Amino acid sequence: MGNLQAAVSLCITLCCLWGWDRPLVDGGTPTSSNSNRSTTSGGRTLSREKQLIRDLIQNYEQQGRNGRPVADHTHSLLVNFSLSLIQIMDVDEQNQVLKTNVWYHYKWVDQLLQWTPAKHDHITSVRVPSTKIWLPDILLYNFADDRLKERRDALVVVQHTGEVLWMPQAMLNSSCSFNTLYFPFDKQTCQLKFGSWTYNGLKLDVDFIDGQGAMDVSDFTPNNEWTIVSNEGIKNVQYYSCCPEPYPDITFTLTIRRRVAFYTFILILPCALLSLLTMVIFWVPPESPAKLQIGMNIFLAFFVLLLLLADYTPRAAASIPLIGAYFCLSMIMITLSTVMACIVANMFFRGVRTSRAPRWLRSCVIDGLARVLCMRQSFLEPRNDVTTPKKTWSTFVSTYRSFSDPETLCAKVHLLEVDDNPDSKAELDDDDCAGLQDLFAEASGAGVGEEEGEEEDWEEEAAHLVTEVGSIREMMTLLEERRDSSEAKMRHIKEWRIIAVVLDRLFFLVYIAINLLGLAAIFVRVLLPD
């Protein structure tokens with residue numbers, strides 16, 4: 001009894017399928033009665049939409065997915081293609097890769113997916129799995145990814161006329177040559193080239209959807225680092241040496257500009273402050289050890305900025321960023337300034353260890369550079385125009401033997417000039433003459449009315465006085481020589497220090513000039529690119 005009921009149910013099902021669910025005929029148009037809106041399969045009710053989708057897929061399985069869905073193989077199938085840019089995920093300058101989130105737009109006509117809406121409850125469109133029908137092999141030419149598939153699965157929207165719309169989502173990693181010359185004030189231009197991988201233009205032609213010559217950015221999510229400057233697309237037809245047939249492709253060109261707010265705080269502002277701090281090296285006195293310490297610390301700071309810059313630029317770039325060149329220029333200038341600081345410090349203390357500076361160095365620096373830099377007047381000492389004649393002990397001793405009167409002797413000494421005896425510098429002032437007069441008066445005893453026997457005592461006292469005067473002269477001569485030697489040494493030290501200060505000012509001006517020229521060259525390169 002149970003087997004009989006199962007047989008009856010099977011017969012009823014076969015009859016329903018024969019009457020309502022016959023295969024597609026007449027060029028892929030499913031035929032069915034318009035009186036019923038649903039059918040049953042295995043005791044379950046199927047909607048007309050589901051039945052239509054099943055018939056379309058069964059027809060495709062009978063015809064096969066391979067090959068273009070055209071009636072004549074000589075006809076060319078037109079595929080309209082476009083992109084919707086959703087987000088710029090990443091700009092990888094290190095690996096020269098642009099990562100974007102896009103939506104594909106494919107439109108073509110498939111003759112195997114046509115039906116009459118009046119025969120199918122006026123259904124004009126259905127969604128079928130993309131794995132069940134033929135799909136165009138339009139791929140990204142400059143694909144730079146280790147993944148095998150970049151697209152997500154999406155259903156295909158099929159119209160009753162056979163027009164197919166497919167909009168899968170994709171994460172594209174495209175190769176792009178980044179130019180970091182003007183980093184971080186740079187603009188990058190990347191291209192995304194799409195075309196059929198196997199079909200030539202005579203078999204499969206590619207064109208824009210509705211004449212849309214650019215990527216659709218209506219649903220674009222702004223990026224925090226990059227802004228879109230321009231967006232355009234163009235259709236190209238190329239002929240390769242291997243094949244005489246044309247190969248069309250669609251190339252989208254995307255130009256983006258970097259936002260510089262973040263890099264201003266981590267690169268631009270520290271660089272400007274360190275450049276200003278470098279000038280402090282020349283303001284520190286030459287004898288201070290902080291001059292070298294500041295230079296080395298600033299050098300290390302620029303080196304850290306250079307390492308930070310290297311993280312944002314590719315290793316094998318065709319050109320280095322101009323800001324990196326400025327970092328290197330600053331490091332070179334700091335190194336030179338440190339060397340110059342050592343030279344200046346050595347000159348500052350050189351007079352203590354060596355003799356006078358060479359004549360050519362004094363002429364070039366003190367007489368030449370100091371005058372050009374308007375520093376000579378600050379080094380000149382004020383001169384005293386009032387000159388007083390000098391009286392010396394040696395003059396007095398030489399004239400003592402020819403004069404016996406102390407008053408006449410001191411008067412003679414007052415009239416002597418220092419040029420009469422240039423070898424001796426011991427001066428005799430008025431107090432010394434007064435002392436000598438008292439000494440002669442005391443030695444002579446009161447003078448005129450003394451006995452002849454006392455003249456011998458006076459001569460002995462005078463001889464003793466002459467001996468003491470000679471000793472005093474020798475001692476004063478020695479002191480004068482030491483003073484002259486000390487004054488000469490101080491003059492030599494002062495000359496070396498003047499040379500050090502003038503050269504330090506010269507190096508400071510050279511440093512400023514080179515920095516200004518470097519900045520001018522960078523700005524000219526930015527404002528007037530090739």
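Computed from a prediction, not measured in an experiment: that's the story for all the values here.

Scoring rules and cut-offs
- Residues numbered from 1 in each chain as written.
- Predicted model: local features only at pLDDT ≥ 70, side-chain atom pairs only at ≥ 80, totals over all residues.
- Heavy atoms only, no water.
- Helix = DSSP H or I, 4+ residues; strand = E, 2+ residues; numbered from the N terminus.
- Buried < 20%, exposed > 50% of the residue type's maximum accessible area, 1.4 Å probe, protein only.
- Contact = heavy atoms within 4.5 Å.
- Areas by Shrake-Rupley, 256 points an atom, 1.4 Å probe, with all protein chains shown as cover.
- Core = buried A, V, L, I, M, F, W, Y, C linked by side-chain atoms within 4.5 Å.
- Pairing = 2+ DSSP bridges.
- Axes fitted to C-alpha atoms, helices over the stretch in contact; angles between N-to-C directions.
- Parallel < 35°, antiparallel > 145°, perpendicular 65-115°, else oblique.
- Left-handed = near helix turned anticlockwise from the far one by under 90°.
- Nonpolar A, V, L, I, M, F, W, Y, C, P; charged D, E, K, R; others polar.
- pLDDT = per-residue confidence, 0-100.
- Disulfide = S-S within 2.5 Å.
- Phe/Tyr/Trp six-rings, centres within 6.5 Å; stacked < 30°, edge-to-face > 60°.
- Polar contact = N/O pair within 3.5 Å; in protein donor to acceptor, adjacent residues only side chain to side chain.

**Comments concerning the overall build of the protein chain**
Looking only at helices and strands, the protein chain features twelve helices and 13 strands. Within the protein chain, the proportion of its 530 residues that are buried is 36%. Long-range pairs, those at least 24 residues apart, make up 75% of the contacts in the protein chain between residues at least 6 apart in sequence. For the protein chain, the accessible area works out to roughly 30800 Å², and carbon and sulfur atoms hold 58% of it.

**Focus on the nonpolar core**
Membership of the largest hydrophobic core comes to 48 residues, with the highest contact counts inside it found for Phe-81, Leu-83, Val-126 and Phe-194. Broken down by element, the residue count for this core peaks at seven residues, all from strand β3 (residues 77-92). In this structure, Leu-274, Phe-282, Met-333 and Trp-496 belong to the second largest nonpolar core, which totals 35 residues.

**Quick word on the sheet that holds strand β10 (residues 187-196)**
Sheet architecture is open: four strands sit in the order β6-β10-β13-β12, paired in antiparallel fashion. Each of the sheet's edge strands pairs with one partner strand only, and the pair in question is β6 (138-140) and β12 (226-238). In this sheet, neighbouring strand axes are inclined to one another by 20° on average, regardless of whether the strands run parallel or antiparallel. Across three bridges, the pairing between β6 and β10 is antiparallel. Paired with Leu-139 across the strands is Gly-195, a residue of β10.

**What about the packing of helix α3 (residues 261-278) against helix α5 (residues 290-310)?**
Orientation of α3 relative to α5, taken along the N-to-C sense of each, is 160°, at an axis distance of 11 Å. By the angle between their directions, the pair α3 and α5 is classed as roughly antiparallel. Judged by the twist between their axes, the crossing of α3 over α5 is left-handed. Along the contact surface, α3 presents Ile-266, Leu-267, Pro-270, Cys-271, Leu-274, Ser-275, Leu-277 and Thr-278, while α5 presents Ile-298, Ala-301, Phe-302, Leu-305, Leu-308 and Leu-309. When grouped by side-chain class, the residues that make up the contact of α3 with α5 number twelve nonpolar, two polar and no charged.

**Looking at the confidence of the model for the protein chain**
In the predicted model, the protein chain carries a mean pLDDT of 75, and the fraction of residues at 70 or more is 72%. For the stretch residues 384-393, pLDDT sits under 50, and the model shows 27 contacts to residues farther than four places along the chain or on other chains. Low confidence marks residues 399-404, where pLDDT is under 50. Its contacts with residues over four positions away, or in another chain, come to nine contacts.

**Examining the state of the cysteines**
Throughout the structure, instances matching the rule amount to one disulfide. Disulfide pairing is shown between Cys-176 and Cys-190; the S-S distance is 2.0 Å. Because the torsion about its S-S bond is -90°, the bridge between Cys-176 and Cys-190 counts as left-handed. With Cys-176 in the loop between β9 (169-175) and β10 and Cys-190 in strand β10, this residue pair connects regions lying 14 residues apart in the sequence. Cys-190 matches Cys-176 in its accessibility class, with the two residues each being buried.

**Some remarks on the packing of aromatic side chains**
What characterises a pair of aromatic rings is the spacing of the ring centres plus the angle enclosed by the ring planes. Tallied over the entire structure, the rule returns 14 aromatic pairs. Their ring planes at 45° and their centres at 5.0 Å tell us that Phe-81 and Phe-194 sit as a pair that is tilted. A residue pair is termed long-range when its members are at least 10 positions apart, and Phe-81 in strand β3 and Phe-194 in strand β10 qualify at 113 residues. What makes Phe-194 buried here is its relative accessible area of 0%. Each ring, one from Phe-81 and one from Phe-252, has its centre 6.4 Å from the other, and the planes form 55°; the classification is tilted.

**Some words on the environment of Asp-110**
Structurally, the position occupied by Asp-110 is in the loop between β4 (97-109) and β5 (125-128). Judged by its relative accessible area of 0%, Asp-110 is buried. Remark: the alpha-carbon pair of Asp-110 and Val-158, spanning 48 residues in sequence, is separated by 8.8 Å. In this view, Asp-110 contacts Tyr-60, Pro-69, Gly-162 and Val-164; residues no more than four positions away in its chain are not counted. Here Tyr-60 takes part through its side chain, which lies 2.4 Å from a polar atom of the side chain of Asp-110.

**Regarding unusual backbone geometry**
Residue Phe-183 is joined to Pro-184 through a cis peptide bond whose omega torsion reads 0°. By the secondary structure assignment, Pro-184 is in the loop between β9 and β10. The phi dihedral of Gln-96 falls on the positive side, at around 60°, and the residue is not glycine. The residue Gln-96 is located in the loop between β3 and β4 in this model. On the basis of relative accessibility, which here comes to 23%, the residue Gln-96 falls in the partly exposed class. One non-glycine residue, His-122, lies in the positive phi region at around 60°. Following the sequence through the fold, His-122 ends up in the loop between β4 and β5. For His-122, a relative accessible area of 58% gives the class exposed.

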